[in-house]
Amino acid sequence: MGNPVNIIAGSHVWVEDPDIAWIDGQVINVKGDEVEVQISDEKTVVANVSKVYPKDEDAPDGGVDDMTKLSYLHEPGVLHNLATRYQLNKIYTYSGGILIAINPFQRLPDLYDAHMMEQYKGAPLGKLNPHVFAIADVAFRAMRYEGKSNSILVSGESGAGKTETTKMLMQYLAYLGGRNGAEGRTVEQQVLESNPVLEAFGNAKTVRNNNSSRFGKFVELQFDKHGRISGAAIRTYLLERSRVCQISDPERNYHCFYLLCAAPQEEIEKYKLGHPSTFHYLNQSNCYELVGVSDAHDYLATRKAMDVVGISQNEQDAIFRVVAAILHLGNVTFTKGEDIDSSVLENDVSKFHLQTAAELLMCDPNALEDALLRRVMVTPEEVIKRSLDPDGALVSRDGLAKTIYSRLFDWLVDKINFTIGQDPNSKSLIGVLDIYGFESFKTNSFEQFCINFTNEKLQQHFNQHVFKTEQEEYIKEEIDWSYIEFVDNQDVLDLIEKKPGGIIALLDEACMFPKSTHETFSEKLYQTFKNHKRFTKPKLARTDFTISHYAGEVQYQSDQFLDKNKDYVVAEHQDLLTASQCPFVAALFPPLPEETTKSSNKSSKFSSIGSRVKQQLQQLMETLNSTEPHYIRCVKPNNNFQPTIFENASIMQQLRCGGVLEAIRISCSGYPTHKTFSEFLHRFGILAPEILEENNDEMVACKKIVDKLGLAGAQIGKTKLFLRSGQMADLDSQRVIKLSGAAKTIQAKFRSHNDLKHFVSVYRASVCIQSICRGMLASRFYNYLKRESASLKIQTNVRGHISRKSYSRLKYSVIVLQTGMRALAAHNKYKYRKRSKSATVIQAHWRGHIALSHYKKIRNATIVIQCGWRRMVARRELRKLKMAARETGALQEAKDKLEKRVEDLTLRLKQERLLRADMEEAKCQEITKLKQFVKTLQNMVGETNGPLHEECEAYWTASEEESSITKETPAPFEDTEKIEVLTSQVEKLKDLLEFERKRSDDFQRKYVESLESEEAKRQKLEETERRVHQLQESLNSVLQDDIQHVWAIFGAQNDFMCLIQLNFSFGIRC
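A brief structural summary. The model shown is predicted, which means the values in this text are computed figures rather than measured ones.

**Description of unusual backbone geometry**
A cis amide bond, omega 10°, links D249 with the succeeding residue P250. Within the secondary structure, P250 sits in the loop between β12 (229–237) and α7 (255–261). In this structure, P500 follows K499 across a cis peptide bond, with omega equal to 0°. Looking at the secondary structure, you find P500 in the loop between α15 (490–497) and α16 (503–512). You will see that F105, though not glycine, has its phi angle at about 55°, which is positive. By the secondary structure assignment, F105 is in the loop between β7 (98–102) and α2 (114–120). A positive phi angle, near 60°, is found at F641, a position not held by glycine. Note that F641 resides in the loop between β21 (628–635) and α23 (648–657). On the basis of relative accessibility, which here comes to 32%, the residue F641 falls in the partly exposed class.

Below you can see the structure in the form of structure tokens.
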């Protein structure tokens, strides 16, 4: 697709758009390499001239059925042509020998009925509208009359309609091939009826399609010498084995698992099944059912299809026993054992599923457990059993499940081929290849690597075929094409499959070493291909790598490459299933030859999926190279599976992945534009009209025009003119300039004639109109003056009438308003007085109630305070008396008397004034007694001292008279002692009397103090009552002001209850 040339102002072009890929517009201005384009939605964009492509304005409204007929063979032209035809329900379009089929997502029954088959039977390619029947008819006629085998390659992404297209091809070939069946069932019927069986076991729901084929299928229809179908064979490629054990949300596993879970109840009980969510191989995704699809119905349909293709009832039971065993095998889990690097079954549930799987496979449960948990290593000296850790046991379990399912699928294909039967004497065949297209997701693993490798192989074959077709066209027209360079994708294929340094070879090498990991494998890739232009390492990834395919770059995640590449069957698994009591299971694992067994004991021969894919592709390429290929590219118009929706960006990606744009690139590398002589002269003869007037031959005229216009590289064929890339745009630019100049000349003459004619007519009309207008203006001015005079008089009378009427209305309104206002004021005044009187009565009662309540509260509070205060004073006195008693250390008798007096004093204080009087009287009596007692003691002392004094005087007199003193006389001594005793007693009594006097003085002083404190409290109480009275009066005055304010607010409204409530709230607040 060469860049357009000679883009000028006014040219119609295509420019890139981020939303719809390409959008048409018209060039407004060209500035160097920048082009300003006004697009169809009236917006203006600026694009580089290399990103702008010319638009063919002369293209048919319904598009062209063969895109090689397009004047401009580039991406926007191809996309616009497909979109135009798709909106008209023309889903098929040719691109040379390639058929592009767009999925309509709706039934078009008239497009595939018997009448349509009859129309295309024997019709040359291109005579009728593009159709899948036309491709099948060309292949059949080439096989029938040329004796050469043909193949039809159907490709496209998931959901593009490959399976349906394959069915239509088979139906048409069966229509052409006649009937040649056995046992009342034709070969083509058996081939078609085998589809439900293969779909049940080989198809699954993916992100893009609910019924995606996860394997490649090559159907060989064999024909006898009379052109009748004599046999058939189905070859399968690249079954996605990893899907059995690992799926991602929202995809599903293979359909057969869900069909079996939806089987009749007796089947479920027989195989001990349940809901799909109970099985590990199915519950990794939350999708268990498909919208609009009944798994129970499809199970019965699959059973019926098995009957049709010749699978017996016993074989069907055995098949579903194996499927159920795989489900149970997936629920077996492991945990660490007692020994290091060993494992055991995790729980009873795992034991149950292991037992069930062993019963379904008819093998020994212990042997099955041993095969999952251990490996046998044969050495020259001995046989060693090595235990597996839990991770290794899980890998062993999944490997067994994948191996069983792969063998089961291969058996189904072999059984179908055996039932259909093959013709060994057939010399020609027609093969139909249905294989998945190029895939690129967010996460791309080993499956996408193999799929894209396959598509690279097919793309190389496709490119060679397209280039070969172009060569045949050039040879047919006898033009020189030897200098045209053909670039293919061999470098990508070498990167993947070359030995010994390709990616597959390095992957196999990594799988052969036990200690290899995906990190070491990725590192090996980085070192080996660091300078390869098709291989790059992503910046932020440690183990990812990117390959630049023909359809674009794809980033692969190598995390599971090593596990998914391993394809060898573990010897323990082989021995276990070979010894199965079920003949069907044992047939899936036939015993290996002795030589193979011996060699495997010595050194296990490695086998890988990558090598197997490479080998299968080699065989497929050999088959395709031995046939004449025909290509059908299926395209999905949108990802919502809705009709009439055409998503440009998605279509462009699919065309790129399907190789259609690559074919266009190959065509553009040669002569992308092919025009017949008549078409070229009709379109571009205007550039050299003098040559057309010479009445030359069409070929000669075309040659002269090419020479005149200087189209270097263009060549003249026998019937067509071949133009190089960009020359068509150059011719169209010159044609646009030529037509634009002629159009401008014609427009100038025509406009000058129209302008002169218009000027004369306007001049004459203006003179007539002016005279009429002047008369009309004079008449209008007279009428204006007349109306003005009359209007002044009318206005005077009307204004006077309006003023009088307005004054009367205003006067009446004022009187009515005054009357109403006065009545309202009187009514409000009456209501105010009535409410004031009622409020006064209520306030009086309310204030009396409040005053009484307040007085009672104060009285009760006073009594409580007095009692509390007296109790506190008595306790203080008691504490003081107790402390004084401890300090004096008086006699016990005095102490008892003092305690008794303290208690009496406390009692007297509690009994208030009466008790105080009793206490004073008691004190007086006690003082009197003490005085009497003192006097008595004084008298006794005086009486005692008198005789003693007399005796002493007599004694001293006698002692003076007598010379000898009798010292032993005890009488004076005894009297002296008595005197001392009495003296001491007197002193004690004096002290006691003094103490009692002090106590009396203290009691008297305290009594006076208490009287003073009571007087002070009484004065404070009176002061408090006075203040309360003042506060009450102030609150009453405030309340009266608030009531008046409320009356002023409410006016004449009947809100008496509201006023009472407000008055009550004020009272409560006070």
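Having seen the model, we can carry on.
**Quick word on the sheet that holds strand β19 (residues 544–549)**
Read across the sheet, three strands follow the order β18-β19-β20 without closing on themselves; strand pairing throughout is antiparallel. Only two strands of the sheet have a single neighbouring strand rather than two, namely β18 (535–536) and β20 (552–557). In the sheet, β18 pairs with β19 via two bridges, with the strands oriented antiparallel. When the sheet's bridge partners are listed, T536 is paired in β19 with T546. In the packing of helix α14 (residues 446–477) onto the sheet, the strands contacted are β19 and β20, and the crossing angle to β20 comes to about 150°.

**So, α23**
Counting buried positions over the ten residues of α23 gives seven, a clear majority of the element. Looking at α23, one finds that the buried residues are N648, S650, I651, M652, Q654, L655 and C657.

**So, a nonpolar patch on the surface**
The grouping of L756, F759, V760, Y763 and V767 at the surface amounts to a nonpolar patch, some 520 Å² of accessible area in total. By the element assignment, L756 lies in helix α28 (residues 727–888). Owing to a relative accessible area of 56%, L756 belongs among the exposed residues under this scheme.

**Focus on the nonpolar core**
F201, F257 and I632 are the most contacted members of the largest nonpolar core, which has 133 residues in total. Here the element with the most residues in this core is helix α13 (residues 390–420); it accounts for twelve residues. Setting aside residues no more than four positions away along its own chain, F257 makes contact with V244, L282, V323, I326, L327 and Y405. I435, V466, C511 and M621 belong to the second-largest nonpolar core, a separate cluster that totals 48 residues.

**Quick look at the packing of α13 against helix α19 (residues 571–578)**
Running from amino to carboxyl end, α13 crosses α19 at an angle of 55°, the nearest separation of the two axes being 11 Å. On the basis of their axis angle, the class for α13 and α19 is oblique. By crossing handedness, the relation of α13 to α19 is classed as right-handed. Residues S396, L400, I404 and R407 of α13 lie in contact with α19, whose contacting residues are H573, Q574 and L577. Residues of the contact of α13 with α19, tallied by class, amount to three nonpolar, three polar and one charged.

**A word on the pairing of strand β17 (residues 428–434)**
With seven of its seven residues buried, β17 lies for the most part within the structure. Pairing between strand β8 (residues 150–155) and β17: five bridges, direction parallel. Pairing of I152 across the sheet is with V432, part of β17.

**Remarks on the packing of aromatic side chains**
Throughout the structure, instances matching the rule amount to 25 aromatic pairs. The interplanar angle of 75° and the centroid separation of 5.4 Å between the aromatic rings of W22 and Y53 together place this pair among those described as edge-to-face. Placement of W22 in strand β2 (residues 21–31) and of Y53 in strand β5 (residues 53–54) is noted, with a sequence separation of 31 residues between them. Given a relative accessible area of 8%, W22 falls into the buried group.

**Focus: a positive patch on the surface**
Positive charge collects at one region of the surface, where R871, R875, R876, R879, K880 and K910 lie side by side. Take K880: it is sitting in helix α28. A relative accessible area of 53% means that K880 is categorised as exposed.

**Structural notes on the packing of helix α1 (residues 75–87) against α23**
Two numbers describe how α1 lies on α23: the axes approach to 11 Å, and their chain directions differ by 115°. One element, α1, and the other, α23, form an angle in the roughly perpendicular class. Here α1 runs over α23; the crossing is right-handed. Counting all contacts with α1, which are made through E75, V78, L79 and L82, the residues of α23 involved are N648, I651, M652, L655 and R656. Taken together, the residues of the contact of α1 with α23 break down into six nonpolar, one polar and two charged.

**Points about the pairing of β7**
Judged by how many residues are buried, β7 sits mostly within the fold: five of five residues are covered. Neither face of β7 is open: one carries I98, I100 and I102, the other L99 and A101, and all of them are buried. Sheet topology note: the strand β6 (residues 92–95)/β7 ladder contains four bridges and is antiparallel. From the neighbouring strand, Y94 faces β7, where its bridge partner is L99.

Thresholds, definitions, all that
- Residues numbered from 1 in each chain as written.
- Predicted model: local features only at pLDDT ≥ 70, side-chain atom pairs only at ≥ 80, totals over all residues.
- Heavy atoms only, no water.
- Helix = DSSP H or I, 4+ residues; strand = E, 2+ residues; numbered from the N terminus.
- Buried < 20%, exposed > 50% of the residue type's maximum accessible area, 1.4 Å probe, protein only.
- Pairing = 2+ DSSP bridges.
- Contact = heavy atoms within 4.5 Å.
- Axes fitted to C-alpha atoms, helices over the stretch in contact; angles between N-to-C directions.
- Patch = residues over 30% accessible without salt bridge, like charges linked within 9 Å, V, L, I, M, F, W, Y side chains within 5 Å.
- Areas by Shrake-Rupley, 256 points an atom, 1.4 Å probe, with all protein chains shown as cover.
- Salt bridge = Lys/Arg side-chain N within 4 Å of Asp/Glu carboxyl O.
- Core = buried A, V, L, I, M, F, W, Y, C linked by side-chain atoms within 4.5 Å.
- Parallel < 35°, antiparallel > 145°, perpendicular 65-115°, else oblique.
- Left-handed = near helix turned anticlockwise from the far one by under 90°.
- Nonpolar A, V, L, I, M, F, W, Y, C, P; charged D, E, K, R; others polar.
- Phe/Tyr/Trp six-rings, centres within 6.5 Å; stacked < 30°, edge-to-face > 60°.
- Lys, Arg positive; Asp, Glu negative; His and termini not counted.
- Charge placed at Lys NZ, Arg CZ, Asp CG, Glu CD.

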